[in-house]
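Listed here are the chains, written in short residue letters.
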Amino acid sequence: MDAFIQSLPKTETHLHIEGALPYELLHAWKPAAYPLNPSFHALDFRFQTFSRFDEVLLGHALPWFVSAERYHEAAKAIFAKHVAQNVRYVEVSFHLPVSGFIAVPAREIMAAIRTAAPVGLEVRIFAGMLRTDYTGPMKAVIDDLENWDELAGVDLHGHELVPTEPWTAGVWARLRAAGKITKVHAGEFDGAHRVREAIERLGATRVQHGVRAIEDTEVVALAVSRHVTFDVCPISNVRLMVAPSLAAHPLRALMKARVRCTISTDDPLVFANTVNDEYLALATAAGFTRTELAQLARNGWEVADVPPAVRARMIAEIDRLGRESARG
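Parameters and conventions
- Residues numbered from 1 in each chain as written.
- Predicted model: local features only at pLDDT ≥ 70, side-chain atom pairs only at ≥ 80, totals over all residues.
- Heavy atoms only, no water.
- Core = buried A, V, L, I, M, F, W, Y, C linked by side-chain atoms within 4.5 Å.
- Buried < 20%, exposed > 50% of the residue type's maximum accessible area, 1.4 Å probe, protein only.
- Contact = heavy atoms within 4.5 Å.
- Phe/Tyr/Trp six-rings, centres within 6.5 Å; stacked < 30°, edge-to-face > 60°.
- Helix = DSSP H or I, 4+ residues; strand = E, 2+ residues; numbered from the N terminus.
- Polar contact = N/O pair within 3.5 Å; in protein donor to acceptor, adjacent residues only side chain to side chain.
- Pairing = 2+ DSSP bridges.

Colleague: Would you explain the nonpolar core in this entry?
Modeller: What tends to happen in soluble globular proteins is that the nonpolar side chains get buried as a cluster. In this structure, Phe79, Phe94, Leu145, Trp172, Phe230 and Leu296 are the most contacted members of the largest nonpolar core, which totals 109 residues. Aside from chain neighbours lying at most four places away, what touches leucine 145 is Leu96, Ala127, Met129, Leu151, Val154, Leu175 and Lys180.

Colleague: It is not clear to me how the packing of aromatic side chains should be interpreted in this structure. Could you clarify?
Modeller: Two aromatic rings are characterised by how far apart their centres lie and by the angle between their planes. Scanning the model with the defined rule gives 13 aromatic pairs in all. With a centroid separation of 5.6 Å and 80° between ring planes, the pair formed by phenylalanine 47 and phenylalanine 53 is classed as edge-to-face. A relative accessible area of 1% means that phenylalanine 47 is categorised as buried. Assessed through its relative accessible area of 5%, phenylalanine 53 is described here as buried. Seen from their ring centres, tyrosine 89 and tryptophan 301 are 6.0 Å apart, and the 50° between their planes marks the pair as tilted. Of this pair, tyrosine 89 sits in strand β2 (residues 87–95) while tryptophan 301 is found in helix α14 (residues 290–303), placing the two residues 212 residues apart along the sequence. Pair check on accessibility: tyrosine 89 and tryptophan 301 agree, each one buried. An aromatic cluster is present here, built from Phe45, Phe47, Phe50, Phe53, Phe189 and Phe271 joined pairwise through their rings.

Colleague: Whenever I open this one, helix α9 (residues 217–225) confuses me. Can you help?
Modeller: Since the α-helix turns once every 3.6 residues, residues separated by three or four places project in the same direction. Among the residues of α9, those classed as buried are Val219, Val220, Leu222, Ala223 and Val224. For α9, the N-terminal capping position is held by aspartate 216, with its side-chain oxygen 2.9 Å away from the main-chain nitrogen of glutamate 218. Just downstream of α9 lies histidine 227, where phi reads positive at about 60°.

Colleague: What should I look at first to understand the pairing of strand β3 (residues 122–130) in this one?
Modeller: Regular strands place their side chains on alternate faces of the sheet. With respect to burial, β3 is a largely interior element, seven of its nine residues being buried. Across seven bridges, β2 lies against β3 in parallel orientation. Across the sheet, the residue bridging to tyrosine 89 is glutamate 122, located in β3. Two strands pair when backbone bridges link them, and β3 and strand β4 (residues 153–157) are joined in this way by five bridges, in the parallel orientation. Directly across from methionine 129, in β4, lies its bridge partner leucine 156.

The values reported here are purely geometric and, on their own, carry no functional implication.
Okay, here's the thing in structure tokens:
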């Protein structure tokens, strides 16, 4: 199974760069402050609240991300891990600079990420923002995102229990009209109605997580009819207690209902996971077959922002590996 997972040409479509900072960089930088094997990396560790998760993530990420050079160093290490796992396409988001949070100019962050991408790995960069960020100087920045040619899209993230503000629908529509991909975190810490909101009100066809849509069959049907993709992070969902276990995770039920789902890591800084770990965990803890894993890999290429010829080639490779596995 390890060899089969490694052989799949995979994508990662739900990754926050601040949450993907390799912990070993922190340890090498300040070993006393960041000792090996922190408690939150234990397999049985669970974050009891979102605020505790946020505290751990930001407490480790913010001291590092103070310059474009630091973003570049982190991105280079992150992408090297992708290449080693045969991940060939990555959608990575960065948090738009907010006063008192991250002080590095957004365009410098994008350049740092872009120049860290190795040959052979397709990288698409997304600007992430909180539901409350459309205020003060951030409003002008967000209103200008449609003109950033190097930006693939945007991602509305943060604590889902915060209401989605009225500005979002208009901004998201304008960005889509400019050719940007619009993502929304929904159906993680709040229920299926937030997935409906993301689809119907915000017009999103890419939902980050989305797993709690399973609580409403009408929302599941809506996602299928609108060809919405859920970029799912199973280990994250278990560690944050969105799902009680991988065996009880709704991913398979969503797939059986014909919702297109992809697999990603979300925030490996705190979850200590890799893309290969996600696939292997589904196989060992949830009984996913090679056919199901291949379908997940295939789904990633179906939504990847790549030329049709690249998409066709990657899907053909996955299909070939699936046939060979079935014969074996």
